[in-house]
Structure formats: C-alpha cells, structure tokens
Amino acid sequence: MSRTLVRFLALPLSVAALMTACQTHPSATGATPPTGTAPATGAQVRVHGEAMYFEKMLLPEGNRLRVQVIDTQLADSPQAVIAEQVSTVGNGPYAFELDVPRQRLRAGGQYGLHASLTMPDGALRFVTDTRVPLTIGDDSTDVHIGRVRLRHVQPE
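Reading the values: rules and limits
- Residues numbered from 1 in each chain as written.
- Predicted model: local features only at pLDDT ≥ 70, side-chain atom pairs only at ≥ 80, totals over all residues.
- Heavy atoms only, no water.
- Helix = DSSP H or I, 4+ residues; strand = E, 2+ residues; numbered from the N terminus.
- Buried < 20%, exposed > 50% of the residue type's maximum accessible area, 1.4 Å probe, protein only.
- Contact = heavy atoms within 4.5 Å.
- Areas by Shrake-Rupley, 256 points an atom, 1.4 Å probe, with all protein chains shown as cover.
- Pairing = 2+ DSSP bridges.
- Axes fitted to C-alpha atoms, helices over the stretch in contact; angles between N-to-C directions.
- Salt bridge = Lys/Arg side-chain N within 4 Å of Asp/Glu carboxyl O.
- Core = buried A, V, L, I, M, F, W, Y, C linked by side-chain atoms within 4.5 Å.
- Phe/Tyr/Trp six-rings, centres within 6.5 Å; stacked < 30°, edge-to-face > 60°.

## Examining the overall build of the protein chain
Assigned secondary structure in the protein chain consists of two helices and nine strands. Going from N to C terminus, the protein chain has its helices and strands arranged as α-α-β-β-β-β-β-β-β-β-β. A burial count over the protein chain gives 29% of its 156 residues as buried. Considering only contacts within the protein chain whose residues lie at least 6 apart along the sequence, 69% involve residues at least 24 apart. Total accessible area computed for the protein chain in this model is approximately 10200 Å², and 55% of it derives from carbon and sulfur atoms.

And the structure:
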C-alpha cells in the first residue's frame with residue numbers, strides 16, 4: 001500500500017480520536033447527568049438573538065424593545081412570563097440577550113419568545129404576531145434563537 005493511501009485511510013480515525021478527546025464527560029467534570037429535573041437554582045440559560053422589521057422606516061431615538069420568554073403551558077396567567085428584558089433602542093435590527101433562571105424552567109416545558117417595540121410616547125409600533133417557539137433543553141446553557149420578525153402595527 002502506498003503511503004498516501006495509508007494516510008488517507010487513517011484520517012477518519014484521527015478525527016474520531018480528536019473528537020472523542022474533546023468531549024466532556026460528567027464524571028470528569030464532577031457534574032451529574034440530567035435526570036429530567038432542573039439543575040441547581042443559581043444556574044441560568046442565556047437566550048439571545050436579533051429582532052428586526054422589514055419596513056423601510058426610520059424611527060426616532062428612545063424606542064423601547066421588550067423581549068419576553070413565556071411558558072406556553074401557563075399562557076394568559078401572570079406566571080407565564082419567566083424572563084423579560086426591556087431596553088431603550090434606536091433603529092434596528094436589535095440584538096437581545098436575556099437570562100432565564102433555571103428554577104423557572106420545567107422538565108419537558110414548552111416555551112415561546114415574544115417581542116414588541118414601542119415608540120417614546122408608549123404607542124406600540126412593531127410586535128411578533130405569534131409566539132416564536134423556543135426549545136430549551138434540560139442541559140442547555142446558551143440558546144440562540146436567530147432573527148425574530150417584528151410586524152408593523154398601524155398607529156391608531
């Protein structure tokens with residue numbers, strides 16, 4: 001067998017060995033594997049993404065972006081909002097990043113994200129028309145949701 005062929009055949013084994021070496025094992029880190037319940041109460045899950053609208057319009061400074069993580073199984077109750085971020089913004093797109101307390105999450109829970117943009121006078125201008133599905137695994141620490149589309153609301 002030629003040396004080139006041997007190297008070519010050995011490449012997948014080398015890659016597999018490197019990938020195995022890079023994995024973290026619960027026993028090595030001292031962590032316990034997930035059992036379907038939320039980990040320690042101090043833990044948080046970071047949810048981040050970007051809210052944007054497609055309309056070509058400039059908005060004044062001082063708009064307020066509100067992003068909420070909602071437990072969809074508790075919809076329409078005061079406990080539905082499990083995390084919220086409100087920030088003053090200018091023109092979009094708008095990056096957001098909020099921390100969800102792990103103790104507020106349930107094993108097998110269903111979650112969604114809601115975002116809205118209000119003008120400086122408090123008038124609603126853009127909003128997500130439906131809850132954006134959000135999957136938070138039992139062992140998730142960082143969830144990137146990507147771009148969230150805000151729909152224009154006609155002023156009254």
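Read on, since the account is not over.
## Some points on the sheet that holds strand 4 (residues 94–101)
Strand order across the open sheet formed by three strands is 4-1-8, with mixed pairing between neighbours. Looking along the sheet, the strands with just one partner apiece sit at the ends: strand 4 and strand 8 (142–149). With direction set aside, neighbouring strand axes in the sheet form an average angle of 20 degrees. Pairing analysis gives seven bridges linking strand 1 (residues 44–52) to strand 8, with the strands arranged parallel. The residue bridging M52 from the neighbouring strand is R149, located in strand 8.

## Some details on the pattern of salt bridges
Side-chain pairs of opposite charge can arise where the charged atoms are in close proximity. Evaluation of the coordinates by the stated rule reveals six salt bridges. Put simply, R147 and E50 hold a salt bridge, and the shortest N to O gap is 2.7 Å. With R147 in strand 8 and E50 in strand 1, this pair connects stretches of sequence that are 97 residues apart. Taking the relative accessible area as the measure of exposure, R147 reaches 62% and is therefore exposed. For R106, the salt bridge identified is with D71, shortest N-O distance 2.6 Å.

## What to know about the side chain of T118
When you line up the elements, T118 lands in strand 5 (residues 111–118). Each residue touching T118, except ones within four places of it in the same chain, is listed here: N63, R64, A123, L124 and R125.

## What about the nonpolar core?
Residues V69, F96, V100, L113, L117 and L134 are the most contacted members of the largest nonpolar core, which totals 28 residues. Filtering out sequence-adjacent residues up to four positions away, L117 remains in contact with Y53, L59, N63, R64, L65, V89, Y94, A123, L124, R125 and F126.

## Brief notes about the packing of aromatic side chains
Taken as a whole and assessed by the stated rule, the structure comprises two aromatic pairs. Judged by centre distance (6.4 Å) and plane angle (40 degrees), the ring pair of Y53 and Y94 falls under tilted. Here the residue Y53 occupies a position in the loop between strand 1 and strand 2 (63–71), and Y94 occupies one in strand 4, the gap between them amounting to 41 residues. Taken individually, Y53 and Y94 each receive the classification buried, so the pair is uniform in this respect. Look at Y53 and F126: their rings are 4.2 Å apart centre to centre, the planes differ by 15 degrees, and that puts the pair in the stacked class. Taken together, the residues Y53 in the loop between strand 1 and strand 2 and F126 in strand 6 (residues 124–127) connect sequence positions 73 residues apart. Exposure remark for Y53: the relative accessible area of 12% places this residue in the buried category. Residue class for F126 comes out buried when judged on its relative accessible area of 0%.

## Quick word on the environment of I82
Along the chain, I82 falls in strand 3 (residues 81–89). Sequence spacing of I82 and Q103 is 21 residues, and the spatial spacing of their C-alpha atoms is 9.8 Å. If sequence neighbours within four positions are ignored, I82 has contacts with V69, D71, V100, P101, R104, L105 and Y111.

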